[in-house]
Amino acid sequence: MSFPYKHVLLVGATAGIGKAMAHRLVQEGVKVTAVGRRQDRLDEFVTTHGANKTSAERVDIADSNAMPKFAAEYIPISDDTSITSLFQSTIINLAEPAKWDMQAIHNDVSVNFTSFVNLTHAFLPFLLNKRSKTSLIYTTSHLAYIPAAGLSGYSASKAALSSFILCLREEPRNSSIKVIEVSLPVLTFLGELHDYMGPAGRELGMPVSDFTDAAFAGLAAGKDEVLVDDLADAGTAVEKLSQTVGERRSACNGLSKMLRGGKD
Ligand SMILES: NC(=O)c1ccc[n+]([C@@H]2O[C@H](COP(=O)([O-])OP(=O)(O)OC[C@H]3O[C@@H](n4cnc5c(N)ncnc54)[C@H](OP(=O)(O)O)[C@@H]3O)[C@@H](O)[C@H]2O)c1
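Residues numbered from 1 in each chain as written. Predicted model: local features only at pLDDT ≥ 70, side-chain atom pairs only at ≥ 80, totals over all residues.

The chain is annotated in an unreviewed UniProt entry as Oxidoreductase of Lophium mytilinum. As stated in UniProt under Sequence similarities (unreviewed entry), the record for the chain gives "Belongs to the short-chain dehydrogenases/reductases (SDR) family." (UniProt positions renumbered as here; feature names shortened; annotations may be inferred.)

The structure is reproduced here in structure tokens:
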């Protein structure tokens, strides 16, 4: 199988994983519309690859009021599927309530979860009307399943997004929209996610090129759950995780069917 989508709207394409995936997709012949807030980086992306293969939209997806306008302006000029790849993470020691940054915790949930619900809501009518294959691709984290103390807001926001993805596969069912979750471990790279740790933060985990290879292979193979493994730990942790994810999905399917009165 090959990557089935011709045009991808990629949120979070100005840094880290999103930037790496954006470049990879262009190399694979996919047209990419990059989304982010930093105009200079969006311009650089289009300049690097050319306006016939790429375009860019400067949007703050945390601004819920901007989403309907963004979709309304973007949809008439596009023929798209969407990849979403974005994050907000805050380190908080729950043992010290006096130091909790409440604004930061709410921000994690708002950017990582609420903004994607808003984005999905704004684009769903367009995607539902499309006859060609289309998809919503969300980036989560293994922390959605195994939360990390210290990253409570981030872990909870990814768990919420992962639950939302499961529900979105049930309703609407039998549509032409494929709802895909790409879940990943910690990556080593150019990204800014672990900058709070200082220089060591950029040396953690899996190399980004291994991630883009694995994520692209999973997407091209038509998977709707792409659990990217840390190659240093290949075949062990991810196998257990796959089992947990599979059991959760089948329980969700069963519960949803029961709530539909047993209808398929
Ligand atoms: N890095 C890891 O080890 C790791 C591990 C597991 C999961 N993930 C997941 O992978 C995804 C990407 O992570 P990353 O490490 O690549 O992050 P990153 O390097 O910080 O990049 C985040 C991207 O999101 C954009 N962005 C942030 N807030 C935005 C907003 N309000 N509106 C529009 N764009 C916004 C940023 O662009 P602007 O600043 O230009 O807006 C940037 O392009 C996230 O979903 C993250 O949770 C990462």
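A. Up close: the overall build of the chain. For the chain, the count of helices and strands is seven helices and nine strands. A total of 264 residues make up the chain; the buried ones form 35% of that total. Nonlocal contacts in the chain, meaning residues at least 24 apart in sequence, comprise 62% of its contacts between residues at least 6 apart. (Helix = DSSP H or I, 4+ residues; strand = E, 2+ residues; numbered from the N terminus. Buried ≥ 20, exposed ≤ 12 C-beta atoms within 10 Å, placed from the backbone. Contact = placed C-beta atoms within 7 Å.)

B. Focus on the environment of Ile 75. As for its position among the elements, Ile 75 is in the loop between helix 3 (66–74) and strand 4 (81–84). Put simply, Ile 75 and Phe 123 are 48 residues apart on the chain and 8.0 Å apart in space, counted from C-alpha to C-alpha.

C. Geometry of the pairing of strand 3 (residues 54–58). Inspection of the sheet shows strand 2 (residues 31–36) paired to strand 3 by five bridges, in the parallel sense. If you follow Val 35 over to strand 3, its bridge partner there is Glu 57. The handedness of the strand 2 to strand 3 crossover, carried by helix 2 (residues 39–49), is right-handed. (Pairing = 2+ DSSP bridges. Right-handed = clockwise from strand over helix to strand, strands pointing away.)

D. Spotlight on the nonpolar core. Membership of the largest hydrophobic core comes to 48 residues, with the highest contact counts inside it found for Val 8, Leu 10, Met 21, Ala 22, Val 32, Ala 34 and Phe 211. For this core, the element with the highest residue contribution is helix 4 (residues 102–128), accounting for six residues. (Core = buried A, V, L, I, M, F, W, Y, C linked by C-beta atoms within 7 Å.)

E. Quick look at the environment of Ala 71. Structurally, Ala 71 is set in helix 3. The exposure class of Ala 71 is partly exposed, given the 19 C-beta atoms found within 10 Å. As a C-alpha pair, Ala 71 and Leu 119 span 48 residues in sequence and 8.1 Å in three-dimensional space. Excluding residues that lie within four positions of it along the chain, Ala 71 makes contacts with Ala 122, Phe 123 and Phe 126.

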